[in-house]
Amino acid sequence: MAETAVKEKESVFQFGKKERKLLTDPLNDNNPITVQVLGICSALAVTSLVYPSLVMAIAVIFVTAFSSLFTSLLRNYIPKSVRMIVQLVIIASLVTVVELTLKYLNYPVYKQLSVYIGLIITNCIVMGRLEAFSMANKPWRSFLDGVGNGLGYGVILVAVGVVRELFGKGSLFAGSPIELKIIGPTADYLVNTTDSMLFGWYANNNLMVLPASAMFIIGIMIWIQRSYNTKLVDVS
Amino acid sequence: MESTKYVVIFILILTAAVAISLTGLREATKEQSATNEDIFNKRAILTAVQDYLPNGQKVADLTDEQVLELFAQMKQPVVDMEGNIIEGVKAESIDMAKERKKPEAERRLPVYVYEQDGQQFYILSVRGNGLWDEIWGSVALKSDLNTIAGATFDHKGETPGLGAEIKDNPSFAAQFEGKEIYESDGDYVSIKVRKGGARDPKHEVDGISGATVTADGVSEMLYRGLKYYQPYIDKVKQQSFLLN
Amino acid sequence: MEFLNTFLKAAFIENLVLAYFLGMCSYLAVSKSVQTAFGLGLAVIFVLGITMPINWLISEYLLSESGLLGVDLTFLRFILFIAVIASMVQLVEMVVEKYSPSLYSALGIFLPLITVNCAILGGSLFMVSREYNLSNAVAFGLGGGFGWFLAIIAIAAIREKIRYSNVPPALRGLGMAFILTGLMGIAFMSLMGIDPAAFTTNG
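Quick caveat, the model's predicted, so the values are computed rather than measured.

Engineer: Where do I start with the sheet that holds strand β2 (residues 85-86) of chain B in this structure?
Structural biologist: Within a sheet, each strand pairs with its neighbour through backbone hydrogen bonds, oriented either parallel or antiparallel. Spatial strand order, β2-β1-β3-β4-β5-β6 (chain B): six strands in an open sheet with antiparallel pairing. Edge positions in the open sheet fall to β2 and β6 (148-155) of chain B, since each of these has one partner strand only.

Engineer: What is the right way to read the interface of chain C and chain A from this model?
Structural biologist: In many analyses, interface size is given as the accessible surface area lost on bringing the parts together. Contacts between the two partners involve 41 residues from chain C, matched on the other side by 39 residues from chain A. Contact with chain A buries surface across chain C, with F21, F78 and F178 of chain C losing the most and accounting together for 18% of the total. Run the count over chain C and chain A and you get one salt bridge. Taking the shortest distance from any N to any O, the salt bridge between R77 of chain C and E99 of chain A comes out at 3.3 Å. On the surface where chain C and chain A come into contact, there are one residue pair in polar contact (both at pLDDT 80 or more).

Engineer: Just checking my understanding: could you explain the side chain of S219 of chain B for this structure?
Structural biologist: By the secondary structure assignment, S219 of chain B is in helix α6 (residues 212-228). Polar side-chain contacts of S219 of chain B include one of 2.9 Å to the backbone nitrogen of V193 of chain B.

Engineer: Mind showing me how you'd approach helix α7 (residues 139-169) of chain A here?
Structural biologist: All names here are of chain A. Between the first and last C-alpha of α7 there are 43 Å, a value that for 31 residues agrees with the 45 Å anticipated at 1.5 Å per step. Of all 31 residues in α7, 23 are buried, a share of seventy percent or more. Following α7 by one or two positions, G170 adopts a phi angle in the positive range, close to 80°.

Engineer: In this structure, what is going on with the environment of K9 of chain C? I would like to understand it.
Structural biologist: Residues and elements named next belong to chain C. Here K9 shows up in helix α1 (residues 2-13). Looking at K9, the relative accessible area reads 24%, which means it is partly exposed. Remark: the alpha-carbon pair of K9 and G143, spanning 134 residues in sequence, is separated by 7.5 Å.

Engineer: Whenever I open this one, the packing of helix α3 (residues 34-63) of chain C against helix α4 (residues 77-99) of chain C confuses me. Can you help?
Structural biologist: Geometry of a packed helix pair, given as the angle between the helix axes and the separation of the axes. Residue and element names in this part refer to chain C. Remark: α3 packs on α4, axes separated minimally by 10 Å, with the N-to-C direction vectors making an angle of 145°. Pair α3 / α4 crosses with right-handed handedness. From α3, F46, V47, I50, T51, I54, N55, I58, S59, L62 and L63 reach across to α4, where they touch R77, L80, F81, V84, I85, M88, V89 and V92. Grouping the amino acids of the contact of α3 with α4 by side-chain chemistry returns 14 nonpolar, three polar and one charged.

Cut-offs and rules
- Residues numbered from 1 in each chain as written.
- Chains lettered and ligands numbered in written order.
- Predicted model: local features only at pLDDT ≥ 70, side-chain atom pairs only at ≥ 80, totals over all residues.
- Heavy atoms only, no water.
- Pairing = 2+ DSSP bridges.
- Helix = DSSP H or I, 4+ residues; strand = E, 2+ residues; numbered from the N terminus.
- Contact = heavy atoms within 4.5 Å.
- Buried area = accessible area lost by both parts, 1.4 Å probe.
- Salt bridge = Lys/Arg side-chain N within 4 Å of Asp/Glu carboxyl O.
- Polar contact = N/O pair within 3.5 Å; in protein donor to acceptor, adjacent residues only side chain to side chain.
- Expected span 1.5 Å × (residues − 1).
- Buried < 20%, exposed > 50% of the residue type's maximum accessible area, 1.4 Å probe, protein only.
- Axes fitted to C-alpha atoms, helices over the stretch in contact; angles between N-to-C directions.
- Left-handed = near helix turned anticlockwise from the far one by under 90°.
- Nonpolar A, V, L, I, M, F, W, Y, C, P; charged D, E, K, R; others polar.

Spelled out as structure tokens, the structure:
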């Protein structure tokens, strides 16, 4: 990608075709997970249920958007020699904000995401976008680029979460106020199940609960995406 | 290339700005976060008496205020390893993780005495090792101090879908209901998680396929953890015997 | 004994890549050939081995309430940990460049990548949440690094071979790498039942 600063004289917050592209490009053609191969770690660890995936996605969008904004605001002042450390400090502070806020608003989800919130810092999407885009672009455009990449990441995260929870637990949004019990389970692998736990006909697939299943699902997603979007096919 | 002075000043200003704003946010959220954590832990303990909550409610139905009120009503003795009640300490102030690091003889054990419709329940806390990391739980005994009214387990890092099922699959904990920790002649046996299906209907529950180490961890944790409470249980039994 | 125990556990049973899926980005990006994978793997062992004890000292003596400052500063751990990692990486880069140009040419390009390798920060965060002592922290760092090294060499070797297989075009490269890692992860799960204490007490 050749992303260079564009000289503009228009108002700061304009939203034209180029800006829209900043938001939509990462959803498919330049998806952070399936194309740029960035930020996989946390994607795999939290996606066994939809709800934490959604919270994680929102947290990442917040961090990418605002770290891009701040970095872009400071881009002319950041000393080149300590560039990485400055970027990391900005990211780490935003992640700390997320951690403190989550602890304040929703403690059970905070517990569930535990170590993985901290790992947003090393989520390469954030750092990657700062290096590739924010250091050379104006604040508003950097902000949009951050939101777009966060969204592209979030879409995959939630999609993996939906597949894993639906086939692994038979429900959707478990643990949230709007838990949907959809297809299962009929009977558990434990002998003494009480009837209240059975809400469908599906026998849970335990493979989907294992972290490895996220690898398979993303692998298959890449397969599907590249079958339609043939320009992404790896020729090597 | 920037001068060293500029770099140093830049870093100092950045660090100061970050430190001040984060400390501010932390102070603003500190109290509420501590309350959240407290309620989270209390809900976990109440899960052990899930079937005996007021008006047939489930733990998830209770509001935060109701949770706090239920705990305010409970008697919360803390006992030492000889079964004597330690005065001036409430069970909810005991951190089991810290107690577990002490030498066995110095540990303090929390007891929550929950009362509903004239029935008494003794909620005891246990803690041990799973496959990866610590596991812990609460076991509620009925007033005979033998029959289990309910149990709940949690873990720090067991494998999702395998060991983590001790928490995620409510049917695992549900099996403990009605089991007894003593033989009919009064010998202590605790409850065992048996791989391949329980054989002794009174003292065993079914294991989780693929999670033998976690299941053994639960058995071991219950055996040792409940044994710590033996002196206390004996004393309570003796007292109620004298009263009758 | 405990040292060896933690080392083996971190390297094989709780493999950072295959059991926790940490450090995935560079693992997938730099595993096209065994040679480069080897270089990156060594660098990870090196950096994990250095940063873990430093971060341990920081969290024990600077951030905890019982530390030197007497204030609970644990909420600042993200920033301090990542700053330590970033500056250590930079320091290592400078030292290696000065004293061993040959090693530098082998490792050099990978060192900046390591700062954003989740396995490094993840190691430090796991160390805190598991309350390791200093020697365990070192063992966990070295073991975790070694496990990461093994995993990336293994996937690189498989990817080199699979290039000659007839994989559907859309699945080639990245897609296949994901699926392979999933399979390796499941294979590694079979090591989970092993009690690492058995190695050390009998042997």
